[in-house]
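# Topology and contacts: notes
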Amino acid sequence: MGTTRTFRSAVEWRGDHLELIDQTLLPSEEEVREVRSVADAVDAIARLVVRGAPAIGVCGAFGVALGVREARPADLEAALRALEASAVRLESARPTAVNLGWAVHRVAAAARTARSAEEVFERALGEARAIQEEDRESCRAIGENGRRELAAAGALLTHCNTGRLATAGWGTALGVVYAKAEAGDPVEVFVSETRPLLQGARLTAWELLDAGIPATLVTDGMSAALMASGRVQAVIVGCDRVARNGDTANKIGTFTHAIVARAHGIPFYVAGPLSSFDPDAASGDRIVVEERPPEEVLQIRGVPVAAPIPVWNPAFDVTPAGYVTAFITDRGVLRPPFELSITGALAKAGRS
Ligand code: MRU
């Protein structure tokens, strides 16, 4: 396995284009992809070259700026048309993570009041940079809040990848792990492999190995046996869209871990920035769950692993709020009743 010597961040602006570490190839290859147009950005998001709710938000934000520049607008009107068209295309690249639409709308709103074509681009780029920087800070805050909340829990089970590859900073659920490690608190992580695309086995395992944090890989179906064995003190996962009542869309398999945790009396935490909360979704029924191609289940990296029968491949599930112990956010730990704590936090952030 390669090292992360070349790994700076999942999404980097390089003067006139974006660079993404190609997450479809990790951990066997560390390749950087250049994104120079809206089409490149949409393709990277849809194919999971870049993935994880905050990281696709950051990519989408820079994508809007790229779209304005790519159009070579002759005047302000043309620039604004390019701005809106890019925002629409990027927002629909993936439907579930609310960070994407949130970031793209934020960039469009910031650039809409510009007075020249050049200013539309500059404002879009400036807002994308601000979103990236804020996400870095959010990750820090989540890490610190989680470290305090989970001071007594050294052994954690996590799902999917919520770390440096999924955000602009050190991560959300994995940010809590990094914060514990940085503070010298004891921490070990059980990593569930996360079928079908193995974000746990490929990406979280790669990150934790690189960080020197003790980690053990389990398949998704092992979580009941693992929790029954008494080796896990808390489950901590990320989120793609949290409804106002606390229902939480996250990587497929999350709901299973939540049910298993409840059956064993183990606390189940969801970590994420407020940008992953959707003030427009009253409950999980309003969340659109992305369905992905059958090949992702029938094959692993192009190699058939199943007989060719029909497949149902939802990329996310929705864990009902009742299974969530608390949300560890950049604005503090939100506890039940979630309707109150979530709407309160959103209102405080000006997002009601
Ligand atoms: O399909 P993915 O890999 O984009 O799914 C990612 C997840 O479900 C993460 O848990 C979530 O986006 C939070 S990342 C901080």
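Here is a short report on the structure shown in this document. (Residues numbered from 1 in each chain as written. Predicted model: local features only at pLDDT ≥ 70, side-chain atom pairs only at ≥ 80, totals over all residues. Heavy atoms only, no water.)

### Examining the site of the ligand
Note the cut-off: Throughout this document, a residue counts as near a molecule or strand when at least one of its heavy atoms sits within 4 Å of that molecule or strand. Distance and chemistry together define a polar contact, namely a pair of N or O atoms within 3.5 Å, with one atom able to donate a hydrogen and the other to accept it when in protein, and with adjacent residues in sequence counting only for side-chain atoms on both sides. Note on areas: Shrake-Rupley with a 1.4 Å probe; residue coverage comes only from the protein chains shown. Any residue outside Ala, Val, Leu, Ile, Met, Phe, Trp, Tyr, Cys, Pro, Asp, Glu, Lys and Arg is labelled polar, Gly included; the first ten of those are nonpolar and the last four are charged.
Within the structure, the ligand sits among 17 residues, and Arg51, Arg94, Asp240, Asn250 and Lys251 are positioned closest to it. Residue Gln199 places a side-chain N or O atom 2.9 Å away from an oxygen atom belonging to the ligand. In the model, an oxygen atom of the ligand is placed 2.8 Å from a nitrogen or oxygen of the Asp240 side chain. A total of 420 Å² of accessible area belongs to the ligand in isolation, and the protein chains cover 99% of it. A class-by-class count of the residues in the shell around the ligand yields six nonpolar, seven polar and four charged.

### So, the pattern of salt bridges
Spelled out, the test is: Each salt bridge in this description consists of a side-chain nitrogen of Lys or Arg and a carboxyl oxygen of Asp or Glu lying within 4 Å of one another. Helix and strand definitions here come from DSSP, where helices need a minimum of 4 consecutive H or I residues and strands a minimum of 2 consecutive E residues; each element is numbered from the N-terminal end. The cut-offs for exposure are 20% and 50% of the maximum accessible area for each residue type, with area from a 1.4 Å probe on protein chains only; residues under the lower value are buried, those over the upper are exposed, and the others partly exposed.
For the structure on display, the rule yields 23 salt bridges. Glu290 serves as the salt-bridge partner of Arg94, at 2.8 Å between the closest nitrogen and oxygen. Placement of Arg94 in the loop between helix H3 (76-91) and helix H4 (98-111) and of Glu290 in the loop between strand S10 (268-271) and helix H10 (295-298) is noted, with a sequence separation of 196 residues between them. You can call Arg94 buried: its relative accessible area is 6%. Between Glu149 and Arg335 there is a salt bridge; the shortest N-O distance is 2.7 Å. Note that Glu149 is positioned in helix H5 (residues 117-149) and Arg335 in the loop between strand S15 (332-334) and helix H11 (338-348), a separation of 186 residues in sequence. Linked through salt bridges whose partners overlap, the residues forming this network are Arg94, Glu290, Arg292 and Glu296.

### Brief notes about the packing of H4 against H5
Rule in force here: For helices, the fitted axis covers only the stretch in contact; all axes are lines through C-alpha atoms, and the angles between them, taken along N-to-C directions, range from 0 to 180 degrees. When an angle is under 35 degrees it counts as roughly parallel; over 145 it counts as roughly antiparallel; between 65 and 115 it counts as roughly perpendicular; any other value is oblique. Should the near helix be turned counterclockwise from the far one by less than a right angle, the crossing is left-handed, whereas a clockwise turn marks it as right-handed. A contact between two residues is defined here by any heavy atoms of the two lying within 4.5 Å.
Relative orientation of the contacting elements H4 and H5 amounts to 140°, with a least axis distance of 8 Å. As far as their axial angle goes, H5 and H4 are oblique. Handedness of the crossing formed by H4 with H5: right-handed. Across the interface between the two elements, Trp102, Ala103, Arg106, Val107, Ala110 and Ala111 of H4 pack against Val120, Arg123, Ala124, Glu127, Ala128, Ala130, Ile131 and Glu134 of H5. Of the residues belonging to the contact of H4 with H5, the class tally is ten nonpolar, no polar and four charged.

### Examining the packing of aromatic side chains
The description of an aromatic ring pair uses the distance of the two centres, along with the angle that the planes make with each other. To keep things clear, this is the line we draw: In this scheme Phe, Tyr and Trp rings, the latter by its six-membered ring, pair at centre separations within 6.5 Å, and the angle between planes marks the pair as stacked below 30 degrees, edge-to-face above 60, and tilted otherwise. Charge-over-ring contacts are defined here by two conditions on Lys NZ or Arg CZ: a distance within 6 Å of the ring centre and an angle within 35 degrees of the ring normal.
By the definition in use, this model includes five aromatic pairs. Arranged with centres 5.4 Å apart and planes meeting at 10°, the rings of Trp13 and Phe62 form a pair that is stacked. On the criterion of sequence distance, the pair formed by Trp13 in strand S1 (residues 11-13) and Phe62 in helix H2 (residues 53-70) is long-range, its members being 49 residues apart. Just as Trp13 is buried, Phe62 falls in that class too. Between Phe277 and Phe327, the aromatic rings sit 5.5 Å apart at their centres with planes inclined by 70°, giving edge-to-face as the arrangement. Of this pair, Phe277 sits in the loop between S10 and H10 while Phe327 sits in strand S14 (residues 326-329); the two residues are 50 residues apart in sequence, bridging distant segments of the chain. Judged by relative accessible area, Phe277 falls into the buried class, the value being 1%. Against the face of Trp170 rests Arg140, its NZ or CZ located 3.9 Å from the ring centre. A cation over an aromatic ring shows up here: Lys251 above the ring of Phe316, its NZ or CZ 4.5 Å from the ring centre.

### Side note on the sheet that holds strand S3 (residues 32-35)
For clarity, the threshold we go by: DSSP calls a pair of strands paired once it identifies at least 2 bridges connecting them.
With antiparallel pairing, three strands are arranged side by side in an open sheet as S1-S2-S3. Two strands lie at the open edges of the sheet, namely S1 and S3, each paired on one side alone. Within this sheet the neighbouring strands show an average axis-to-axis angle of 25°, counted without direction. Note: strand S2 (residues 18-21) against S3, four bridges, orientation antiparallel. For Ile21, the partnering residue across the bridge sits in S3 and is Val32.

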